[in-house]
Amino acid sequence: MTTNGLHIASQKSEGPISSDLTANVTEFTANGTKALRVKGAEDLDYGFRFTRDTFAKEQTILSDFYAKWKRVLVVMDGPVTKLYGDKIKAYFEHHNIAVTIHTMKGGELNKNMDTMESLVDAFDDFGLIRKEPVLVVGGGLVTDVTGYACASYRRSSNFIRVPTTLIGLIDAAVSIKVGINHKKLKNRLGAYHAPMITVLDFDFLKTLPDGQIRNGFAELIKISSVGSKELWTDLVKYGADLVNTRFGRATNDEKLIAIADSICERGIKLMLELESPNLHEIKLDRVIAFGHTWSPTLELTPVVPLRHGHAIIIDMSYAVTLAWLRGYIDEAERQEFHQLVSRVGLSLDHEQFDEQLLKVATAAILKTRDGMQWFAEPKPMGTCTFINDASMEELFDALKKHKELIRKEFPEYTKTGGVGKDAFVDASDLGMDPEELKKQNESLKAAKGVNAAGIAGGVKDANQTNGHLVEARECGC
């Protein structure tokens, strides 16, 4: 069907890119020499399927796709294999489809070329045929790396995506960006490569840790606060209940599940409507970049990095204060935003979010946005405007005011410096024990006589970091 220019495919013929196999070749003269120009077109056509209990034996969404091949290669990381591996195997065996499971290394430190090449080896060992789709089940990192391997394998191979985390369902599933880190540069290698379909099943949230629920909830706050007043109102009303019950799944509350699914489906559809015309990010005034101006630098500043959702919500909370000071929103709207963030246990500030970081992060994002600020701001709540004329003096004044407000209105955050619950990455996020990362940092400090965390000791530029993944960037927004 087509809604407001958005095509949500419902047929079995979904596919990433297709061509009408026609092109025009034109001969012309340029600078006195003969030249040729080739002009053709390719359509981007990929789909989303909302469902529940994806791997219940009576479900046929995935079995219908793989019946043709009579086999399937499934890629997951360790935790997801442990949770769902047996059920996935039983599902495909029930449908007479031979299943091979490849378990890849998870965590940000393994989002690299070694892991990507191990997937290519797995494709070879499986004997993957060019148009045969790989099935990837997991969070955004797993779908990113596997998607990039598919984009590279035989120059373009198909894949089907089943995200299992809230941030994967709400945010990463919307994008067609795939990629890996290179050395200490975040998402430096990548491609635009759409899956055939993405299966969206919020029942996976039943087994998701509470910290990851909060992590993904920040993305819902992002899109609703600058994209839809109706959605924002529902999020304010039901947000705490959603987070506390894993979107109704922990309590099997069907009424709350229906509300949760409606909020998530509307949020995803809204992000698709905003991003689909600009999937290759040709335009830089992107509504869904709200929360992604200063957070790319902040996220990687602590020795143990912040979770993405906490980093972007600190960015948004500060931006909301800035919007209030500019008169874009009123006092009640500002308080409503900050109070929702507090109620769900997300972060409002961080002690290292200071003037120096703000200066460095602003300079870094200007490079990403071709010298323009394009600061997305609510005006009023539920709609978006962009700032391109903010001075550093204004930003510093807003930061000072923001910290004063958080201390005054949310004294419970004083002991943590504004940080919420489960704000920092754990071993599954990182790919190593965070305590080991702290030890490495201490050793580096001792060897170099400096604070290896970089910004804590005063950042000089956007490349000075915590020694693990380092570049200020816009990521997956």
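Asks: Just checking my understanding: could you explain unusual backbone geometry for this structure?
Replies: The phi angle of most residues is negative, glycine excepted, and most peptide bonds adopt the trans form. In the segment running from Lys379 into Pro380, the intervening peptide bond is cis, with an omega of -15 degrees. The residue Pro380 is located in the loop between strand 13 (375-378) and strand 14 (384-387) in this model. Even without a glycine there, the phi angle at Asp422 is positive, about 50 degrees. Looking at the element boundaries, Asp422 is found in the loop between helix 13 (392-409) and helix 14 (427-430). For Asp422, a relative accessible area of 42% translates into the label partly exposed.

Asks: Help me understand helix 10 (residues 308-325) in this model?
Replies: Note that an α-helix has 3.6 residues per turn; residues three or four places apart therefore point the same way. In this model helix 10 runs 26 Å from its N-terminal to its C-terminal C-alpha over 18 residues, within 8% of the 26 Å that 1.5 Å per residue would give. Counting buried residues in helix 10 gives 16 out of 18 residues, a clear majority hidden from the surface. Downstream of helix 10 by a residue or two, Gly327 has a phi angle that is positive, lying close to 85 degrees.

Asks: Mind showing me how you'd approach the packing of aromatic side chains here?
Replies: Any aromatic ring pair is given by two values, namely how distant the centres are and how the planes are angled relative to each other. Considering all chains together, one arrives at 14 aromatic pairs under this definition. Between Phe410 and Tyr413, the ring centres sit 6.3 Å apart and the planes meet at 80 degrees, which makes this aromatic pair edge-to-face. Relative accessible area serves as the criterion here: at 7%, Tyr413 is assigned to the buried category. It is Arg71 that lies over the ring of Phe126; its NZ or CZ is 4.0 Å from the centre. Above the plane of the ring of Trp324 lies Arg334, whose end atom (NZ or CZ) is 4.9 Å from the centre.

Rules used in this analysis
- Numbers given to residues run from 1 along each chain, matching the order in which its sequence is written.
- In keeping with the predicted nature of the model, local features appear solely for residues at pLDDT of at least 70, side-chain atom pairs appear and are counted solely at 80 or more, and the whole-chain, interface and lining totals rest on all residues.
- Side-chain descriptors were evaluated using all non-hydrogen atoms of the structure, hydrogens and water having been removed beforehand.
- The secondary structure listing takes helices from DSSP runs of H or I that are at least 4 residues long and strands from runs of E that are at least 2 residues long, numbered from the N terminus.
- Each residue gets one of three labels from its accessible area relative to the maximum for its type: buried under 20%, exposed over 50%, partly exposed in between, using a 1.4 Å probe on protein chains only.
- Helix span is expected to be 1.5 Å times the residue number reduced by one.
- Within 6.5 Å between ring centres, the rings of Phe, Tyr and Trp (the latter by its six-membered ring) count as paired, and their orientation is classed by plane angle as stacked under 30 degrees, edge-to-face over 60, tilted in between.
- Throughout this description, the term charge over a ring refers to an Arg CZ or Lys NZ atom that lies within 6 Å of the ring centre and within 35 degrees of the ring normal.

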